[in-house]
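# Observations on the model geometry
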Amino acid sequence: MNIRLFSIIKKSMVLMIATIMCIGMYTGVYAATNSNSILEQEIKEAYYLEYIKIAKEVSEETGLDISVLPMNEFKEEDWRTPEEFRSFITEVAQWDLTCTILESIQTYSNVTATKETTVTASGQSRTLAITGNFTTSLNYDTGRQHFSSVESVTSRLKGGTGTWTQTGYEYKSLDGARTCRVTVSGKLKIAGAVFSNKLASAEFYCNSQGVVS
């Protein structure tokens, strides 16, 4: 065998060995990655079953309608340990959604005012705002403006993750129609949990000139 032929054979064997090693390494990495994905999915499924159990327990403890989103609707940031999930939804269940901070006032033919409150869970803040659109009128007996009707009430969640969908509202006239107490109901979806009938409220006041605050 001449030297040139031997050199060619040697290079071919080195290339073949290197190829086999690369294939082996790739197969190992793929297997490890696939194994990790399966393990991660198994953990999520186990967590999800715990979430359902925890939501039921917190619902019974608080008297609120609490459930869990379908698993395929969970976002990555929604996943947490069962202990963290229990702590989080317990904090949310205890939120006092009484809006007292006046955000804005607009006065045109009707009067629009917004009040809000900020609540926290796991160190993250969220703000719920309630906006009422009112009609005021002059009461000649008292010589001042009073609420005469509520045209609409809307609400929204600001900041952080989670969604709020208003499902209804009711109001009550107080203090000779100088105060209007508004209560809104809504569905709150947060961290994979669903609060189906969460309540929030605000009181609006009409001054003698018809300005609502």
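Anything mentioned here points back to the structure above.
Report follows, based on the coordinates. This structure is a prediction, so every number in the text was calculated from the model and none was measured.

### Side note on the overall build of the protein
Secondary structure summary: the protein contains two helices and nine strands in total. Its helices and strands in sequence order give the protein the pattern α-β-α-β-β-β-β-β-β-β-β, from N to C terminus. Counting every position in the protein, which comprises 213 residues, the buried fraction comes to 34%. Counted over contacts in the protein with a minimum sequence separation of 6, partners at least 24 positions apart contribute 53%.

### A look at the environment of Ile-52
Position of Ile-52 relative to the elements: it lies in helix α1 (residues 3-62). A residue is classified by how much of its surface remains accessible, and Ile-52, at 40% relative accessible area, is partly exposed. In this structure, the C-alpha to C-alpha distance between Ile-52 and Ser-67, residues 15 residues apart in sequence, is 6.9 Å.

### Concerning the packing of aromatic side chains
Applying the stated criterion to the full structure yields eight aromatic pairs. Note on Tyr-47 and Tyr-51: the rings are 6.3 Å apart at their centroids and 40° apart in plane angle, and the pair reads as tilted. Remark: Tyr-51 and Tyr-47 occur in helix α1; sequence separation between them is four residues, near one turn of the helix. Using a relative accessible area of 25% as the deciding quantity, one classes Tyr-47 as partly exposed. Summarising the aromatic geometry, the rings of Tyr-51 and Phe-85 are spaced 4.2 Å apart at their centres and angled 25° between planes, so their arrangement reads as stacked. With Tyr-51 in helix α1 and Phe-85 in helix α2 (residues 82-93), this pair connects stretches of sequence that are 34 residues apart. Overall, the relative accessible area of 0% leaves Tyr-51 in the buried class. Here the guanidinium or amino end of Arg-80 rests over the ring plane of Phe-88, the centre of that ring lying 4.6 Å away.

### Let's talk about the pairing of strand β5 (residues 124-139)
Remark: a regular strand shows side chains that alternate across the two faces of the sheet. Here eleven bridges tie strand β4 (residues 111-121) to β5, and the two strands are oriented antiparallel to one another. Across the sheet, residue Thr-117 finds its bridge partner in β5, namely Leu-128. Taking the residues that link successive antiparallel strands as the turn, the β4-β5 hairpin has two residues, and the phi of Ser-122 there is positive, at about 55°. As judged from the 13 bridges shared by β5 and strand β6 (residues 144-158), these two strands associate in the antiparallel manner. The residue bridging Thr-127 from the neighbouring strand is Lys-158, located in β6.

### A closer look at the nonpolar core
Ranked by internal contacts, the top residues of the largest apolar core, which has 43 residues, are Ile-89, Val-92, Trp-95, Ile-130, Ile-190, Phe-195 and Phe-204. Elements with a minimum of two residues in this core: α1, β1 (66-68), α2, β4, β5, β6, β8 (179-190) and β9 (193-205). Among all residues touching Trp-95, those that are not within four sequence positions of it are Val-119, Thr-120, Ala-121, Arg-126, Leu-188, Ile-190 and Lys-198.

### Examining the pairing of β9
The pairing of β1 with β9 spans three bridges and is classified as antiparallel. Residue pairing for β9: Ser-67 is matched across the bridge by Val-194. Alignment of strand β2 (residues 98-99) against β9, held across two bridges, turns out to be parallel. Across the sheet, residue Cys-99 finds its bridge partner in β9, namely Ala-202. Between β8 and β9, which pair antiparallel in sequence order, lie two residues; one of them, Ala-191, sits at a positive phi of approximately 55°.

### Topic: unusual backbone geometry
Phi angles above zero are rare outside glycine, and Ala-177 is one such case at about 70°. For Ala-191, which is not glycine, the phi torsion reads 55° and is therefore positive. Inspection of the secondary structure assignment puts Ala-191 in the loop between β8 and β9. Judged by relative accessible area, which is 4%, Ala-191 ranks as buried.

Here is what the cut-offs are and how they apply
Residues numbered from 1 in each chain as written. Predicted model: local features only at pLDDT ≥ 70, side-chain atom pairs only at ≥ 80, totals over all residues. Heavy atoms only, no water. Helix = DSSP H or I, 4+ residues; strand = E, 2+ residues; numbered from the N terminus. Buried < 20%, exposed > 50% of the residue type's maximum accessible area, 1.4 Å probe, protein only. Contact = heavy atoms within 4.5 Å. Phe/Tyr/Trp six-rings, centres within 6.5 Å; stacked < 30°, edge-to-face > 60°. Lys NZ or Arg CZ within 6 Å of the ring centre and 35° of its normal. Pairing = 2+ DSSP bridges. Core = buried A, V, L, I, M, F, W, Y, C linked by side-chain atoms within 4.5 Å.

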